[in-house]
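# Survey of secondary and tertiary structure
Chain by chain, the residues run as shown.
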Amino acid sequence: MTVETVAPITEIIAEIKKAGGDAFKYCYRCGKCDVVCPWNRVRTFSIRKIVQQASFGLAEIDLEDMWRCTTCGTCPSSCPRGVEQIEVGVALRRVASQYGVFPGAAKTVSLVRGRLATEGNPMGEARDARPAWAEGLSVKPFAEGMEVLFFVGCYYSYDPRMRKVAAATARILEHAGVDFGILGASESCCGESIRKTGNEDVFRKLARDNIKAFIDRGVKKILVASPHCFHTFKNEYPEFMVSFEVVYMSQFLEHLVSSGRLKLGKSYPKKVAYHDPCYLGRHNGIYDEPRNLLKQVPGLELVELADSREKSLCCGGGGGRIWMDTPKGERFADIRVAQARDVGARVLVTSCPYCITNFEEAKLGLGDEGEPFEVKDIAEIIHEAIWGTEGSS
Ligand code: SF4
Ligand code: SF4
């Protein structure tokens, strides 16, 4: 099936123009975008072809290909013509979503958008269960005048692996004397990923619900653990004419350690490789604070991966791909875990729920042979550097 069978080409062109102006017409087929695209490490895929076909109105874009882009942000900076490839791709998805066309792996998108619209999370879990991760901890609801709102996010709230990270984070904040609170059941998904699948109406609903919750409670400063929440609060919510101070967890923790509010007394004698999440690094330029934080952990040896900082290799989870099945052999996370092993890392650390989910999956493929290998959120390492392994969650 092609987009021609989905919507009139005039509609497609109009949507793309709305998103990226006319820049997509300037593409001169140099192919530099394809050279850097991570898909071409695992299979044939051409964003150049998609841009070209869209701009010439050929409308022969393969629908499966239309859902591949992870919005990793690698290709836009390589384009000599200023083409916004991600915007073109998302505009095509908007048209497909309006017509309800979700082929192959993208079928789950229709499921997820329904869950987001009703329960405010992509898993379809009950809204009331959102703060269940904090049971047994002394985490308070946010009240006006508190230092910061800890916006937990969907994966940290519901996913069993990520709930441990949320609990470790809360313990660290409490230990450092941070006056923080959460929204609990009033928190909704930030909406970043569903927007990249073209479901603008669901994104706008989620954004409005969150903004209302922030304003009603007098929130001024938001602390986030997911780069996707960070990106959308900082760069997309201002579209609703609001502005909040948004701080990323590793930035905040780095500040707590550097200012002496948090002391890291336990040794973490392991070789650790840090993975830059796309939405923290390339999309928001945060590369140094997580590394500076890790460098302050006693005993920790920090090593760089083959593709790091601006060239970081996407885990494969952005752009809604976290909800789609990617066949074995086509998973970027498998390459990333292999890169970590190649530099002798014992631990692959990052700070994004999508990256952790994909790396944990890739780790399973390693089996039990060879050196022990762990995937960690940066907060888990900080937790261990405060309390040691006995206090670990
Ligand atoms: S890098 Fe830019 S100009 Fe070159 S093929 Fe890609 S979109 Fe076209
Ligand atoms: S944003 Fe990333 S995944 Fe999407 S086309 Fe560009 S390089 Fe490929």
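The rules we used
- Residues numbered from 1 in each chain as written.
- Chains lettered and ligands numbered in written order.
- Predicted model: local features only at pLDDT ≥ 70, side-chain atom pairs only at ≥ 80, totals over all residues.
- Heavy atoms only, no water.
- Near = heavy atom within 4 Å.
- Nonpolar A, V, L, I, M, F, W, Y, C, P; charged D, E, K, R; others polar.
- Core = buried A, V, L, I, M, F, W, Y, C linked by side-chain atoms within 4.5 Å.
- Buried < 20%, exposed > 50% of the residue type's maximum accessible area, 1.4 Å probe, protein only.
- Contact = heavy atoms within 4.5 Å.
- Phe/Tyr/Trp six-rings, centres within 6.5 Å; stacked < 30°, edge-to-face > 60°.
- Helix = DSSP H or I, 4+ residues; strand = E, 2+ residues; numbered from the N terminus.
- Pairing = 2+ DSSP bridges.
- Axes fitted to C-alpha atoms, helices over the stretch in contact; angles between N-to-C directions.

### Considering the site of ligand 2
In the neighbourhood of ligand 2, the contacting residues comprise Cys-37, Pro-38, Ile-47, Cys-69, Thr-70, Thr-71, Cys-72, Gly-73, Thr-74, Cys-75 and Ile-86. Counted by class, the shell around ligand 2 contains seven nonpolar, four polar and no charged residues.

### Some words on the site of ligand 1
Residues in close proximity to ligand 1 total 13 residues, the closest being Cys-27, Cys-30, Gly-31, Cys-33 and Cys-79. Counted by class, the shell around ligand 1 contains seven nonpolar, two polar and four charged residues.

### Some details on the nonpolar core
Residues Phe-214 and Phe-233 are the most contacted members of the largest nonpolar core, which totals 125 residues. Residues contacting Phe-233, with those up to four places away along its chain left out, are Phe-151, Cys-190, Phe-214, Ile-222, Val-224, Pro-238 and Val-246.

### Brief notes about the packing of aromatic side chains
All chains considered together, the criterion is met by 15 aromatic pairs. Geometrically, the ring pair formed by Trp-39 and Phe-332 is edge-to-face, given 5.0 Å between the ring centres and 75° between the ring planes. Here Trp-39, found in the loop between α2 (32-36) and α3 (47-55), pairs with Phe-332, found in helix α14 (residues 332-342); they are 293 residues apart in sequence, far enough to count as distant. By the burial criterion, Trp-39 is buried, and Phe-332 matches it.

### Things to note about the sheet that holds strand β7 (residues 301-303)
Overall, parallel pairing links the four strands, which are arranged β7-β6-β8-β9 in an open sheet. Both edges of this open sheet fall to β7 and β9 (374-377), since each of them pairs with a single strand only. In this sheet, adjacent strand axes meet at a mean angle of 35° when their direction is disregarded. One ladder, built from three bridges, connects strand β6 (residues 271-274) with β7; its direction is parallel. Bridged to Val-272 within β7 is Leu-302. Each of β8 (347-350) and β9 is contacted by helix α15 (residues 353-364), which is oriented at about 170° to β9, the strand it contacts most.

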